[in-house]
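Results of the structural survey
One-letter residues, chain by chain:
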Amino acid sequence: MSGNTAIVTGGASGIGAEIARQLLGAGYEVVVFDRQKPKDAAAKLHGVEVDLLDNNAVAQAAADVAKRFAVTHVVHNAGTIRPASIEQTKIEDLQALTQLHLGAALTITQAVLPGMKERAFGRIVLMSTRGALGLANRTAYGSTKAGVVGLVRSWALELAPAGITVNAVAPEQTAATEMFRGVIPVGDPREQSLAAAIPVKRLGRSDDVARAVLFFADPANSFVTGQTLFVCGGSSVGSIVI
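So, the side chain of Thr109
Within the secondary structure layout, Thr109 lies in helix 3 (residues 91–119). For Thr109, a relative accessible area of 4% gives the class buried. Other than its neighbours up to four places away in sequence, Thr109 contacts Ile124 and Trp155.

If you want it as structure tokens, here you go:
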């Protein structure tokens with residue numbers, strides 16, 4: 001896979017860092033967009049400090065990277081939850097998560113798309129969530145992550161003739177991430193309850209999600225586009241225990 005360059009948003013920690021590690025292991029050049037520098041160090045790993053909530057900053061960073069690198073892959077992994085009931089949800093939270101989950105994806109893709117079309121090759125992987133199927137107190141998060149699925153389906157149809165695939169990965173609760181710990185602190189008994197409710201009886205891991213991303217990223221997988229892969233231990237299927 002030498003010669004491939006991937007932008008990975010939110011790649012300085014958690015799932016994003018694991019995605020970056022696995023891409024590096026597969027021979028990719030990786031450019032991380034994050035508010036902080038990657039903790040890992042590698043010759044092919046590059047950090048771009050940018051606030052993805054600031055679309056002007058995103059546009060500038062993406063344009064600069066598109067000039068410096070022949071970007072073949074975009075993995076838009078960055079996300080946050082901002083949980084709240086309907087009554088307590090602020091319009092500012094909905095607007096912020098729309099920018100983070102959808103706007104940043106659009107702006108980055110627009111910057112690298114001319115190069116992808118010129119080379120007749122590209123892989124775009126966006127991050128949704130099992131929560132997009134419905135979860136209480138997730139107005140801003142659930143709606144914008146559901147929007148990711150619609151974005152993927154629309155882009156897949158538009159970009160398929162250009163040799164560019166677009167897919168989504170939708171994880172269930174994934175432990176050891178800042179986003180998860182922001183809702184479920186270490187030692188919180190809800191962690192065991194969550195694991196027990198998942199059919200495979202464990203929480204997800206970052207490497208579970210990263211492997212799904214690498215499947216969609218593989219240049220050989222040119223016949224898979226417009227799909228959402230739930231990495232959820234079976235929780236998206238649903239079950240009733242009698």
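The discussion continues.
Details of the environment of Ala43
Within the fold, Ala43 resides in the loop between strand 2 (29–34) and strand 3 (45–49). Accessibility expressed as a relative area gives 76% for Ala43, which makes it exposed. Taking C-alpha positions, Ala43 is 9.6 Å from Val30, a pair spaced 13 residues apart along the chain.

Here we look at the pattern of salt bridges
One pass over the structure, following the stated rule, counts 10 salt bridges. Where Asp207 meets Arg205, a salt bridge forms, and the shortest distance between an N and an O atom there is 3.2 Å. Among the residues examined, Arg205 registers a relative accessible area of 39% and is labelled partly exposed. The shortest N-O distance in the salt bridge between Asp208 and Arg211 comes to 3.0 Å. Of this pair, Asp208 and Arg211 are both found in helix 7 (residues 206–217), three residues apart, which corresponds to roughly one turn of the helix. Residue class for Asp208 comes out buried when judged on its relative accessible area of 13%. If you follow the salt bridges from partner to partner, you end up with Arg202, Arg205, Asp207, Asp208 and Arg211 in one network.

A closer look at the packing of helix 2 (residues 55–68) against helix 3
Their axes nearest at 9 Å, the elements helix 2 and helix 3 cross at an angle of 30 degrees. Accordingly, the angle class assigned to the pair helix 2 and helix 3 is roughly parallel. When you trace helix 2 past helix 3, the crossing you get is right-handed. Of helix 3, the residues touching helix 2 (which contributes Asn55, Val58, Ala59, Ala62, Ala63 and Ala66) are Gln99, Gly103, Ala104, Thr107, Ile108, Ala111 and Val112. Tallied by class, residues from the contact of helix 2 with helix 3 come to nine nonpolar, four polar and no charged.

Points about the packing of helix 3 against helix 4 (residues 139–159)
When two helices pack together, you describe them by how their axes are tilted relative to each other and by the distance separating the axes. In the contact formed by helix 3 and helix 4, the axes pass within 9 Å of each other and the chain directions differ by 20 degrees. The orientation of helix 3 relative to helix 4 falls into the category roughly parallel. Helix-helix and strand crossings are classified by hand; for helix 3 and helix 4 the assignment is right-handed. Where helix 3 approaches helix 4, its residues Asp93, Leu94, Leu97, Thr98, His101, Leu102, Ala105, Leu106, Thr109, Leu113 and Lys117 are matched on the opposing element by Ala140, Tyr141, Ser143, Thr144, Lys145, Gly147, Val148, Leu151, Trp155 and Leu159. Taken together, the residues of the contact of helix 3 with helix 4 sort by class into 12 nonpolar, six polar and three charged.

Examining helix 1 (residues 14–25)
Across its 12 residues, helix 1 extends 17 Å between first and last C-alpha, which sits within 8% of the 16 Å expected from 1.5 Å per residue. Turning to helix 1, its buried residues number three or more, namely Ile15, Gly16, Ala17, Glu18, Ile19, Ala20, Gln22 and Leu23. Here the buried face of helix 1 lies against strand 1 (5–9), strand 2, strand 4 (73–76), strand 5 (122–127) and helix 7. Positive phi shows up at Gly27, right after helix 1, with a value of about 95 degrees.

Concerning the sheet that holds strand 7 (residues 228–231)
Taken in spatial order, the seven strands of this open sheet run 3-2-1-4-5-6-7, and their pairing is parallel. Since the sheet does not close on itself, it has two edges, and those belong to strand 3 and strand 7, each with one partner. The average undirected angle you get between the axes of adjacent strands in this sheet is 15 degrees. Alignment of strand 6 (residues 164–171) against strand 7, held across four bridges, turns out to be parallel. Among the inter-strand pairings, Ala170 is bridged to a residue of strand 7, identified as Phe230.

Details of the pairing of strand 5
Most of strand 5 sits out of view: six of its six residues are buried. Taking every second residue as pointing to the same face, both faces of strand 5 are buried, with Gly122, Ile124 and Leu126 on one and Arg123, Val125 and Met127 on the other. Summarising the sheet, strand 4 and strand 5 pair through four bridges and their orientation is parallel. If you follow Val74 over to strand 5, its bridge partner there is Ile124. Regarding the hand of the β-α-β motif, the stretch spanning strand 4, helix 3 and strand 5 is right-handed. Examined bridge by bridge, strand 5 and strand 6 share six bridges and lie parallel to one another. Following the sheet pairing, Val125 is matched in strand 6 by Asn167. Handedness of the crossover joining strand 5 and strand 6 through helix 4 is recorded here as right-handed.

Each value, and the rule that gives it
- Residues numbered from 1 in each chain as written.
- Predicted model: local features only at pLDDT ≥ 70, side-chain atom pairs only at ≥ 80, totals over all residues.
- Heavy atoms only, no water.
- Helix = DSSP H or I, 4+ residues; strand = E, 2+ residues; numbered from the N terminus.
- Buried < 20%, exposed > 50% of the residue type's maximum accessible area, 1.4 Å probe, protein only.
- Contact = heavy atoms within 4.5 Å.
- Salt bridge = Lys/Arg side-chain N within 4 Å of Asp/Glu carboxyl O.
- Axes fitted to C-alpha atoms, helices over the stretch in contact; angles between N-to-C directions.
- Parallel < 35°, antiparallel > 145°, perpendicular 65-115°, else oblique.
- Left-handed = near helix turned anticlockwise from the far one by under 90°.
- Nonpolar A, V, L, I, M, F, W, Y, C, P; charged D, E, K, R; others polar.
- Expected span 1.5 Å × (residues − 1).
- Pairing = 2+ DSSP bridges.
- Right-handed = clockwise from strand over helix to strand, strands pointing away.

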